[in-house]
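Inside the fold
Here is what each chain is made of, one letter per residue.
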Amino acid sequence: MNLKKTALAAAVSAALIAPMAAQAEATAYGSIRVKLEHTSIEPPVGDDVSDLGVEDVVSRFGLKGDMDLGNGMKAFGHYEFGVDATNGAIFNTAGNNGGNRLGYAGLQGGFGKVALGRQWSPSYLTTGTSVVGIVDGFADGALSLVSSSNAAVPVRSSRALTYANQFGPVTLMTLFQFNNDNGTNQSSDGTYTDQEALDRADIAVKFKAGPATIALSTIQDSEANGDDSHMGASVVFGFGSGHSARVHYESYDYGGADDAISINVGGIFSLGGGKSIRAIYGQQTDAVVLSGGTPSDITEIALGFTNQINKATKVWVSGRNRVTEAVASGAETTMTEINTGIRFDF
């Protein structure tokens, strides 16, 4: 009898321990990014204004993990949220600059990579990142329509299904965002009307051609989501030893309003030892979203010096000048920002 009880206890213990042993190990990580910045604004009317303060530059904290499922497959998950390093607060919104930045799970194998949840925009990961963030110290750092300052073309999308795969030298990335209305919408009288299930389709490809990395992207919103469309293209030329030149083009159809056009040219010149000089120049026409809803033409130039001290630590000194001209009135607003900051990853 005692032998049977011992055997039963061992079997129960093994059954309880086995699932725990099969759990994936999560990796915690974070990136703290803060700067001391002086900002001056010259409005078309009224007095000039200026400010000096300590600001957060999209700090974040996250957890991620994966598990081998055998037969060349694995499961994975990732959760990331924005934090404000200036006051230790966690953002309580899901905006582009903070809040629930990422949250998804998926499967990967010979078929590619499939995931569900809040995820990066393929347009941002391809054409957008060719210029966004080149000059350290700014959440966007370029006049890209796909940037953290532009809610119309978000860098991340919720309620999304993504698929990615590598076909020789070509990387394909797709995202489909759903509206979660379950295909119907109930009116006040109790009747139902059909709703488009898909809010947004975001497709991008990237490939290498000699020293150049070329990316193409497109976003199409549903009629219910504004019927907007976006196209992007970028080329990054690598010259070895950390040097690169970048050309970036975007067009955005606001679904009836004038199209916005964005062109950026920039580069990174390595000084060796982790030090580099970074610069970017951009022009944007009919920028409805970035100018707060008023059609405007924007010109921006940014220049910075970055010292990557080690894998985890980076410091910088950067500045930029942005001139916004209202299309209708011609009124100009000039904003100048100069900052120095530190980024620490763990």
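Structural data are supplied above this passage.
**Details of the pattern of salt bridges**
All chains considered together, the criterion is met by 9 salt bridges. In this structure, Asp 199 engages Arg 159 in a salt bridge whose closest nitrogen and oxygen atoms are separated by 3.5 Å. Here the residue Asp 199 occupies a position in strand 12 (residues 198–209), and Arg 159 occupies one in strand 8 (residues 156–167), the gap between them amounting to 40 residues. Assessed through its relative accessible area of 35%, Arg 159 is described here as partly exposed. Its salt-bridge partner being Arg 320, residue Glu 300 comes within 3.6 Å of it at the nearest N-O pair. With Glu 300 in strand 18 (residues 296–308) and Arg 320 in strand 19 (residues 313–326), this residue pair connects regions lying 20 residues apart in the sequence. Comparing Glu 300 with Arg 320 shows no difference in burial state: the two are buried.

**Comments concerning the environment of Ile 203**
Of note, Ile 203 is situated in strand 12. With a relative accessible area of 34%, Ile 203 lands in the partly exposed category. Between the C-alpha atoms of Ile 203 and Ser 121, which are 82 residues apart in sequence, the distance is 8.7 Å. Apart from the residues within four sequence positions on either side, Ile 203 is in contact with Leu 172, Met 173, Thr 174, Leu 216, Ser 217 and Thr 218.

**A short note on the pairing of strand 7 (residues 112–120)**
Across 7 bridges, strand 6 (residues 100–109) lies against strand 7 in antiparallel orientation. For Gln 108, the partnering residue across the bridge sits in strand 7 and is Lys 113. Two strands pair when backbone bridges link them, and strand 7 and strand 8 are joined in this way by 7 bridges, in the antiparallel orientation. Within strand 8, the residue paired with Ala 115 across the bridge is Thr 162.

What counts and how
- Residues numbered from 1 in each chain as written.
- Predicted model: local features only at pLDDT ≥ 70, side-chain atom pairs only at ≥ 80, totals over all residues.
- Heavy atoms only, no water.
- Salt bridge = Lys/Arg side-chain N within 4 Å of Asp/Glu carboxyl O.
- Helix = DSSP H or I, 4+ residues; strand = E, 2+ residues; numbered from the N terminus.
- Buried < 20%, exposed > 50% of the residue type's maximum accessible area, 1.4 Å probe, protein only.
- Contact = heavy atoms within 4.5 Å.
- Pairing = 2+ DSSP bridges.

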